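# Fold and geometry: a report
Letter by letter, the chains look like this.
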Amino acid sequence: DEFGEGSWAMDASSADEWARRVRNLRAKVDAGDAESMHDLALCYENVSGVLQSHVEAVRLYRRAADPGNARAQHSLGRCLSSGAGCARDEEAAVRFFRPSAEQGYELAQRSLGDRYAQGRGVAQDHAVAVRLYRQAAAAGNAGA
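The structure contained in this document is the topic of the report that follows. (Residues numbered from 1 in each chain as written. Predicted model: local features only at pLDDT ≥ 70, side-chain atom pairs only at ≥ 80, totals over all residues. Heavy atoms only, no water.)

## Here's the deal with the overall build of the protein chain
Each helix and strand counted, the protein chain has 7 helices and 0 strands in total. Traced from its N-terminal end to its C-terminal end, the protein chain shows the element sequence α-α-α-α-α-α-α. A burial count over the protein chain gives 44% of its 144 residues as buried. Long-range contacts, defined here as pairs at least 24 residues apart, represent 42% of the contacts in the protein chain between residues at least 6 apart. (Helix = DSSP H or I, 4+ residues; strand = E, 2+ residues; numbered from the N terminus. Buried < 20%, exposed > 50% of the residue type's maximum accessible area, 1.4 Å probe, protein only. Contact = heavy atoms within 4.5 Å.)

This is the structure we're talking about:
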């Protein structure tokens, strides 16, 4: 994945590089690649400048989440939880966090654990929250 967890700020010196990366991702998206859909959605959500569109990010996350992409399911749940690019809906967020967590995606395990701990979108259940936090921690999530 060429987009990693670094800075998403686009400056003049990197504009050509971002344009090249986005062209490559769009070609893969057109071919139906779910990972590329997720990565392009991250660009729309996080890159400063003309590319930024939370609505387009949500559209791409949905496309990638439908076939079961765990990263996209988590990202879509995050958008639904915050209302970025879509209506805020905690119950819908949980519906996307859950299958992602069940696939072992540690960020989703933590996010779903947070929902159970706080009773957001689900009935509050500390035992379930602790189980999810432990799974996330075992998978390497330092914040769990």
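Let us keep going from here.
## Describing the pattern of salt bridges
This structure, assessed with the given rule, holds 7 salt bridges. Between Arg71 and Asp39 there is a salt bridge, with its nearest N and O atoms 3.0 Å apart. On the criterion of sequence distance, the pair formed by Arg71 in helix H4 (residues 70–82) and Asp39 in helix H2 (residues 34–46) is long-range, its members being 32 residues apart. Asp39 gets classed as buried once you look at its relative accessible area, which sits at 6%. Between Glu90 and Arg115 there is a salt bridge, with the nearest N and O atoms lying 3.0 Å from each other. Highlighted residues: Glu90 in helix H5 (residues 90–102) and Arg115 in helix H6 (residues 106–118), separated in sequence by 25 residues. Among the charged side chains, a salt-bridge network with shared partners connects Arg88, Glu90, Arg115 and Arg120. (Salt bridge = Lys/Arg side-chain N within 4 Å of Asp/Glu carboxyl O.)

## A closer look at the packing of helix H1 (residues 15–30) against H2
Look at H1 against H2: their axes get within 8 Å of each other, and the N-to-C directions meet at 140°. The orientation of H1 relative to H2 falls into the category oblique. Remark: the crossing between H1 and H2 carries left-handed chirality. Between H1, through Trp18, Val22, Leu25, Arg26, Lys28 and Val29, and H2, the contact on the second element is made entirely by Ser36, Met37, Asp39, Leu40, Cys43 and Tyr44. Partitioned by chemical class, the residues of the contact of H1 with H2 number 8 nonpolar, 1 polar and 3 charged. (Axes fitted to C-alpha atoms, helices over the stretch in contact; angles between N-to-C directions. Parallel < 35°, antiparallel > 145°, perpendicular 65-115°, else oblique. Left-handed = near helix turned anticlockwise from the far one by under 90°. Nonpolar A, V, L, I, M, F, W, Y, C, P; charged D, E, K, R; others polar.)

## Topic: helix H3 (residues 54–65)
Owing to its 3.6 residues per turn, the α-helix brings residues three or four apart onto one side. Taking 1.5 Å of rise per residue, the 12 residues of H3 would be expected to cover 16 Å, and the 16 Å separating its terminal C-alpha atoms lies within 8% of that figure. For H3, every residue scored as buried is listed here: Glu56, Ala57, Val58, Leu60, Tyr61, Ala64 and Ala65. If you follow the buried residues of H3, they end up packed against H1, H2, H4 and H5. (Expected span 1.5 Å × (residues − 1).)

## Some points on H5
With 13 residues, H5 should cover 18 Å at 1.5 Å per step; its first-to-last C-alpha distance of 18 Å lies within 8% of that length. What H5 keeps buried is the set Glu90, Ala92, Ala93, Val94, Phe96, Phe97, Ser100 and Ala101. Elements that come into contact with the buried residues of H5 comprise H3, H4 and H6. The backbone nitrogen of Glu91 lies 3.2 Å from a side-chain oxygen of the residue at the head of H5, namely Asp89. Just downstream of H5, Gly104 is the residue with a positive phi angle, here 90°. (Polar contact = N/O pair within 3.5 Å; in protein donor to acceptor, adjacent residues only side chain to side chain.)

Function cannot be read off these values alone, since they describe shape.
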